[in-house]
Amino acid sequence: MTYLQILSQNKCYGGVQTVYSHASAACGVDMTFAVYLPPQAKQTKVPLLWYLSGLTCTHDNAMTKGGFQKHAADHGIALVFPDTSPRGEGVADDETYDLGVGAGYYVNATQDPWKQHFQMYDYVVTELRAIMQETMPVNNQHGITGHSMGGHGALTIALRNPELFKSLSAFAPITNPTQSDWGRKQFRAYLGDDESAWADYDASGLVAELGWHDDILVDQGADDQFIDLLRPQSLYEAIAKRRQPAVMRTHEGYDHSYFFVSTFAADHVEWHAKRLKGNCG
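In this report, the structure presented in the accompanying data block is examined. Quantities reported herein were computed from a predicted structural model and do not represent experimental measurements.

Comments concerning the sheet that holds strand S8 (residues 216–221)
Strand order in the open sheet formed by nine strands is S1-S2-S3-S5-S4-S6-S7-S8-S9, and the pairing between neighbours is mixed. Every interior strand has two partners, whereas the edge strands, strand S1 (5–12) and strand S9 (246–251), have only one. Direction aside, neighbouring strands of the sheet carry axes that sit 20° apart on average. One ladder, built from four bridges, connects strand S3 (residues 30–37) with strand S5 (residues 78–82); its direction is antiparallel. Counterpart to Ala34 in the pairing with S5 is Phe81. The sheet strands contacting helix H2 (residues 68–75) are S1, strand S2 (15–23), S3, strand S4 (46–52), S5 and strand S7 (167–171), and the helix crosses S5 at an angle near 150°. The sheet strands contacting helix H4 (residues 149–160) are S4, strand S6 (138–146), S7 and S8, and the helix crosses S6 at an angle near 130°.

This is the structure in structure tokens:
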């Protein structure tokens, strides 16, 4: 049994919002994550929606600013908010905001000094998933979403593991990191100079190569200050080339902030709830 330490716990919309820490085998340090259990989880196991956060974030940002809990309670689904990287004494870091602590990019690093702790892909896909199934009242119907770097993580993790996730969406994701300054710098550091090793973490390439077993929802702000780094056009092109069913929405006036995320949080939770509960009609 995995030992979880409760750091905080609050009643929320009839359910419970809890923050946990645990010793991570994948990352080699203590990791923190948050879970929201809706009131329905008191009676039965419920579906689970993963939310992966973006650069500089922790579990806390979406938990406190995303507004997801009310919608999750309405639809009877649980939420999990992982951290974005390992943290703590001995964890490699960089002086810039977009590499190191707070910028794990949901990859398994293969290069020094990152490889000792930066195994975020395995942490999400294998370790934390097992913890959720083992310790929480959730069933095996999982969806995944995320924002920015977390949107990149949600897309790449789901596309590579379609057997683990039934539904997929993203908010302003980094769609083509192998061709962006939000990707090339980090992948070279984490994965090395061989760019062929980067392909497993590029959503546009994975959509074109693998596709997805259902439709995908992606929301993007038209006034996003980072849109040139996100490269949404690359994902649009890959979806068209693959003839991948998708809903791609661009919203006038919206930027990259949590004001944007919280505005469309209800749409994403409903999107996942319908697919996780099998009532998409």
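From this point, the discussion proceeds with the structure in view.
Considering the pattern of salt bridges
Within this structure, the stated rule accounts for twelve salt bridges. With a closest N to O distance of 3.3 Å, Asp193 and Arg188 form a salt bridge. By relative accessible area, which is 60% here, Asp193 ends up exposed.

Parameters at a glance
Every chain is numbered independently, its residues counted from 1 as its sequence is written. This being a predicted model, a pLDDT of at least 70 is required before a residue's local features are given, and a value of 80 or more before pairs of side-chain atoms are given or counted; all residues contribute to the totals for chains, interfaces and linings. Just so you know, side-chain values use all the structure's heavy atoms and leave hydrogens and water out. Between any two strands, at least two bridges found by DSSP are needed for them to pair. Starting at the N terminus, helices and strands are each numbered in turn, a helix being any DSSP run of H or I of at least four residues and a strand any DSSP run of E of at least two. Whenever a helix is involved, its axis is fitted only over the stretch in contact; in every case the axis is a line through C-alpha atoms, and angles between N-to-C directions fall within 0 to 180 degrees. Only heavy atoms enter the contact rule, under which two residues are in contact if any of them lie within 4.5 Å. Put simply, a salt bridge is a Lys or Arg side-chain nitrogen that is within 4 Å of an Asp or Glu carboxyl oxygen. The cut-offs for exposure are 20% and 50% of the maximum accessible area for each residue type, with area from a 1.4 Å probe on protein chains only; residues under the lower value are buried, those over the upper are exposed, and the others partly exposed.

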